[in-house]
Amino acid sequence: MIEQHRCMFCHTVDTPHRAPSFQQIAARYRDVPGTPGMLEEKLRKGGEAHWGDVAMPSAAERGGGPLSASDAHALVKWVLSQ
Ligand code: HEC
């Protein structure tokens, strides 16, 4: 699913590239209550920047097509387990 949605175009698991690595994201949010819901929203609709100047583009802007709530849930769960 990560490949289908082209997440690795900007992210990698362990090396910051165009975007924070998934390990950095997991370390920052793993113990923060409410994180999964916030990140799922963000994956689907985009949102404000939390890491730098560049916000995460919405699913439509990323060109991978619409992202369902259940897919967003699965992706966020995977990211936070890195
Ligand atoms: C076009 C580049 C790009 C693509 C493709 C992309 N991301 Fe991101 N992502 C970013 C950038 C840039 C940030 C940092 C945004 C910020 O400062 O909040 C980010 C941040 C994030 C965050 C942390 C958000 C926050 O609020 O701290 C998560 C989680 C995430 N991405 C997951 C994903 C997943 C899962 C995919 C695939 C569905 C994906 N990204 C695809 C560029 C991208």
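Residues numbered from 1 in each chain as written. Predicted model: local features only at pLDDT ≥ 70, side-chain atom pairs only at ≥ 80, totals over all residues. Heavy atoms only, no water.

## Topic: the coordination of the iron atom of the ligand
The iron atom of the ligand binds to the protein through His 11 (NE2) and Met 56 (SD); the donor distances cover 1.9 to 2.1 Å. Taken together, the six donor atoms coordinating the iron atom of the ligand span angles of 79 to 180° at the metal, a pattern that classifies the geometry as octahedral. In this pair, His 11 is assigned in the segment before helix H1 (22-29) and Met 56 in the loop between helix H2 (35-45) and helix H3 (59-62), connecting sequence segments 45 residues apart. What makes His 11 buried here is its relative accessible area of 8%. Accessibility expressed as a relative area gives 24% for Met 56, which makes it partly exposed. (Donors = N, O, S within 2.8 Å, 3.2 Å for Na, K, Ca; no water. Tetrahedral: all angles 85-135°; square planar, octahedral: opposite > 155°, others 65-115°. Helix = DSSP H or I, 4+ residues; strand = E, 2+ residues; numbered from the N terminus. Buried < 20%, exposed > 50% of the residue type's maximum accessible area, 1.4 Å probe, protein only.)

## Some thoughts on the site of the ligand
The full set close to the ligand counts 25 residues, and Cys 7, Cys 10, His 11, Tyr 29 and Met 56 are the nearest of them. Residue His 50 places a main-chain N or O atom 2.5 Å away from an oxygen atom belonging to the ligand. In the environment of the ligand, an oxygen atom lies 3.4 Å from a nitrogen or oxygen atom belonging to the backbone of Gly 52. Those elements that provide at least two residues to the shell around the ligand are H1 and H2. Taken together, the residues of the shell around the ligand break down into 16 nonpolar, four polar and five charged. (Near = heavy atom within 4 Å. Polar contact = N/O pair within 3.5 Å; in protein donor to acceptor, adjacent residues only side chain to side chain. Nonpolar A, V, L, I, M, F, W, Y, C, P; charged D, E, K, R; others polar.)

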